[in-house]
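# What the coordinates show
The residues making up each chain are set out below.
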Amino acid sequence: MNVTLRDELYNHAIEWVHEAGNIIRDKMNDPLDIQTKSNANDLVTKLDKETEQFFVGKIKKTYRDHFVLGEEGYGDDLSSLAGTVWIIDPIDGTMNFVHQKRNFAISVGIYHDGVGEIGIIYDVMANTLYHAKRGEGAYKNDVRLPALMEKTKINEAIIGMNHFWLCENRFVDERAMQQFVKDIRGTRVYGSAALEFAYTAEGIMDGYISMSLSPWDIAAGIVLVNEVGGKTTDIDGNELNMLEKSPILTCNSAFHTKILDNLQKGRK
Ligand code: 2AM
Ligand code: CA
C-alpha cells in the first residue's frame with residue numbers, strides 16, 4: 001500500500017475513533033436498548049449499532065472503493081479480503097460496556113489485500129489509544145511500545161483466558177488446562193479481546209487465548225502484536241483465516257511453542 005495513502009487512512013481512522021469515543025461517552029447513560037445475539041450473554045446495544053453506522057458512513061463517503069467488515073453487519077458481505085478492508089468492532093467488550101461502563105474498546109484494523117496495515121484500539125473510558133502501522137512500530141498514546149522481551153520461564157507468564165477453558169469444552173481436556181493454570185504465574189480475564197491483544201502488545205500480559213473470535217475482535221490487535229515481535233495463530237499454530245471465526249492464541253513469540261504444547265496436551 002502506498003505510504004502517503006496509508007498515512008492518510010491512519011489519520012482519518014484516529015480522528016473517527018476519537019469522534020466515535022466522544023459520542024459513546026456522551027450517550028452511554030441514555031437508555032441502551034440492550035438485545036441479545038447468538039446467546040443470552042452475547043449482547044448488543046443501540047450504541048454498538050450506531051457507532052458502526054458512524055464508521056461505515058465516514059468510510060464509504062471518503063473512500064468509495066474501500067470495504068467494511070463490521071460486527072453489526074452494516075458493512076459489506078465479503079468473501080475475500082482483496083482491496084482495502086476496514087475491519088471494525090464498534091464496541092469490543094459489550095458486556096463490560098453494559099454492566100461496568102468501562103473496559104471496552106473501539107477496534108479498527110485496516111487490511112490491504114489481506115495484509116494488516118493499520119491497527120487502532122481505543123480504550124474509550126481510559127482515553128488510551130493503542131495504534132500501529134505495519135513496519136513502523138506500535139504505540140500507546142505517544143509512547144512507542146518496546147519489542148517484547150525474550151522470556152523463557154512459563155512459570156513467570158501471565159496469560160489472558162476465561163473460565164471456559166477450565167470447564168468441559170470442545171477444544172481441550174479441561175484437566176490439562178487446569179494443570180496449565182497451575183504451571184503459569186497467573187491468569188487474567190478482561191472481557192475485551194481487543195484490549196487483551198493490546199495488553200499483550202504492551203507486554204503486561206504474555207499471551208491471550210480465546211475459543212472463538214471473529215475477525216473484528218482481532219484485526220487491529222494482530223497488527224499491534226506483530227509490531228512488537230509477538231505472534232498470533234489459531235490454537236493449532238496455523239495462520240488465521242481473517243474471514244472466519246477461530247480459536248486464537250496471541251502471545252510473546254518466546255512462549256508460542258510452549259503455550260501451543262500445553263493446548264495440544266489434551267487436545268480433543
Ligand atoms: P464483543 O464484546 O464485541 O462481542 C469477551 O470475552 C470477548 O469475546 C469480547 O471481545 C467479545 O466481543 C468476544 N466475543 C466474541 N464472540 C462472542 C460471543 N458470542 N459472546 C460474547 N462475547 C464474544
Ligand atoms: Ca462488538
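Residues numbered from 1 in each chain as written. Chains lettered and ligands numbered in written order. Predicted model: local features only at pLDDT ≥ 70, side-chain atom pairs only at ≥ 80, totals over all residues. Heavy atoms only, no water.

## Re the overall build of the protein
Counting its regular elements, the protein contains seven helices and 14 strands. Computed over the C-alpha atoms, the radius of gyration of the protein is 18 Å, within 12% of the 18 Å expected from 2.2 N^0.38 for a compact globule of 268 residues. With the C-alpha coordinates aligned to their principal axes, the bounding extent of the protein is approximately 50 × 40 × 35 Å. The burial tally for the protein puts 53% of its 268 residues in the buried class. Carbon and sulfur atoms provide 46% of the accessible area of the protein, an area that totals close to 12,300 Å². (Helix = DSSP H or I, 4+ residues; strand = E, 2+ residues; numbered from the N terminus. Rg over C-alpha atoms; globule rule 2.2 N^0.38 Å. Buried < 20%, exposed > 50% of the residue type's maximum accessible area, 1.4 Å probe, protein only. Areas by Shrake-Rupley, 256 points an atom, 1.4 Å probe, with all protein chains shown as cover.)

## Some remarks on the nonpolar core
Ranked by size, the top nonpolar core spans 35 residues in total, and within it I87, I121, I218 and M242 carry the most contacts. At the level of secondary structure, the elements contributing two or more residues to this core comprise β4 (84-92), β5 (105-112), β7 (128-133), α5 (193-202), β12 (207-213) and α6 (215-227). The element contributing the most residues to this core is α6, with eight residues. The residues that make up this core include at least three from each of domain 1 (3-144) and domain 2 (154-264). V56, I118, Y122 and L129 belong to the second largest nonpolar core, which has 32 residues in total. (Core = buried A, V, L, I, M, F, W, Y, C linked by side-chain atoms within 4.5 Å. Domains from an automatic or database assignment.)

## With respect to the site of ligand 1
With respect to spatial proximity, 14 residues lie near ligand 1, and among them D89, D92, G93, T94 and A193 are the closest. Side-chain polar atom of D217 to an oxygen atom of ligand 1: 3.4 Å apart, as the coordinates give it. Protein chains shield 77% of the accessible area of ligand 1, which is 470 Å² for the free molecule. When each cavity is represented as a set of grid points, ligand 1 is found to reside in the largest pocket. Of all elements in the fold, only β4 and β12 reach the threshold of two or more residues within the shell around ligand 1. Top contributing element to the shell around ligand 1 by residue count: β4, with three residues. Looking at the shell around ligand 1, its residues break down into three nonpolar, six polar and five charged. Each of domain 1 (3-144) and domain 2 (154-264) gives at least three residues to the shell around ligand 1. (Near = heavy atom within 4 Å. Polar contact = N/O pair within 3.5 Å; in protein donor to acceptor, adjacent residues only side chain to side chain. 1 Å grid on protein atoms, 1.4 Å probe; cavity = no way out; pocket = protein on both sides within 12 Å on 5 of 7 lines; lining within 4 Å. Sits in = over half its atoms within 2 Å of the grid points. Nonpolar A, V, L, I, M, F, W, Y, C, P; charged D, E, K, R; others polar.)

## Observations concerning the domain arrangement of the protein
The assigned domain composition of the protein is domain 1 (3-144) and domain 2 (154-264). Taken over C-alpha atoms, the centre of domain 1 sits 21 Å from the centre of domain 2. Listed per partner, the contact involves 37 residues of domain 1 and 22 residues of domain 2. Seen at the junction of domain 1 and domain 2, the total is one salt bridge. Salt-bridge contacts for E202 lead to K140; the nearest nitrogen and oxygen are separated by 2.9 Å. Where the side of domain 1 that touches domain 2 is concerned, the elements lending two or more residues are β3 (67-70), β4, β5, β6 (115-123), β7 and β8 (138-140). (Contact = heavy atoms within 4.5 Å. Salt bridge = Lys/Arg side-chain N within 4 Å of Asp/Glu carboxyl O.)

## Quick word on the pattern of salt bridges
Overall, the coordinates contain 13 salt bridges when judged by the stated rule. In this structure, K58 engages E19 in a salt bridge whose closest nitrogen and oxygen atoms are separated by 3.7 Å. With K58 in helix α2 (residues 46-62) and E19 in helix α1 (residues 3-27), this pair connects stretches of sequence that are 39 residues apart. Of the residues examined, K58 reaches a relative accessible area of 27% and is grouped as partly exposed. Here the salt bridges share partners, and the residues they tie into one network are R6, D7, E117, K133, R134 and E136.

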